[in-house]
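What follows is each chain in one-letter form.
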Amino acid sequence: MEKNYTKEKLLIMLEEIQEELEILDATLLNARNQKTQLVKKHMTSLNNIEKGMAAMEKKIAASQSGLPSNVPSRQMPLYLNLAK
């Protein structure tokens, strides 16, 4: 059984399809934006963890060398080393 569609009926169907596609596009864009924000949050967290680990490594190295952890290690300028 063959269906006969009028030009007007086909145009209405195409408009409905277009509306559904626009809704899908908006949904996909929203999901992408949410995932992008989540990735940014995770990257920030990982960067903070990395900074914390670096600070802890410095404290451990300082405690093993006998220097207080809040005092930066100092190197003598080259001319003082040569004067010795």
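Some words on the overall build of the protein chain
Scanning the protein chain for helices and strands turns up two helices and zero strands. Burial statistics for the protein chain: of 84 residues in total, 1% are counted as buried. For the protein chain, the accessible surface area stands at approximately 8,600 Å², while carbon and sulfur atoms represent 60% of it.

Some thoughts on a negative patch on the surface
Taken together, the side chains of Glu15, Glu16, Glu19, Glu20, Glu22 and Asp25 make up a negatively charged region of the molecular surface. In this fold, Glu20 is placed in helix 1 (residues 7–65). Given the relative accessible area of 53%, Glu20 is considered exposed.

Comments concerning helix 1
The terminal C-alpha atoms of helix 1 lie 86 Å apart, and with 59 residues this matches the ideal 87 Å at 1.5 Å per residue to within 8%. Backbone geometry just after helix 1 places Gly66 at a positive phi near 90°.

Some points on a nonpolar patch on the surface
A surface patch of nonpolar side chains, about 480 Å² in accessible area, is lined by Leu11, Leu14, Ile17, Leu21 and Leu24. Residue position: Leu11 is located in helix 1.

Rules and cut-offs
- Residues numbered from 1 in each chain as written.
- Predicted model: local features only at pLDDT ≥ 70, side-chain atom pairs only at ≥ 80, totals over all residues.
- Heavy atoms only, no water.
- Helix = DSSP H or I, 4+ residues; strand = E, 2+ residues; numbered from the N terminus.
- Buried < 20%, exposed > 50% of the residue type's maximum accessible area, 1.4 Å probe, protein only.
- Areas by Shrake-Rupley, 256 points an atom, 1.4 Å probe, with all protein chains shown as cover.
- Patch = residues over 30% accessible without salt bridge, like charges linked within 9 Å, V, L, I, M, F, W, Y side chains within 5 Å.
- Salt bridge = Lys/Arg side-chain N within 4 Å of Asp/Glu carboxyl O.
- Lys, Arg positive; Asp, Glu negative; His and termini not counted.
- Charge placed at Lys NZ, Arg CZ, Asp CG, Glu CD.
- Expected span 1.5 Å × (residues − 1).

Purely geometric stuff here, so don't read any function into it on its own.
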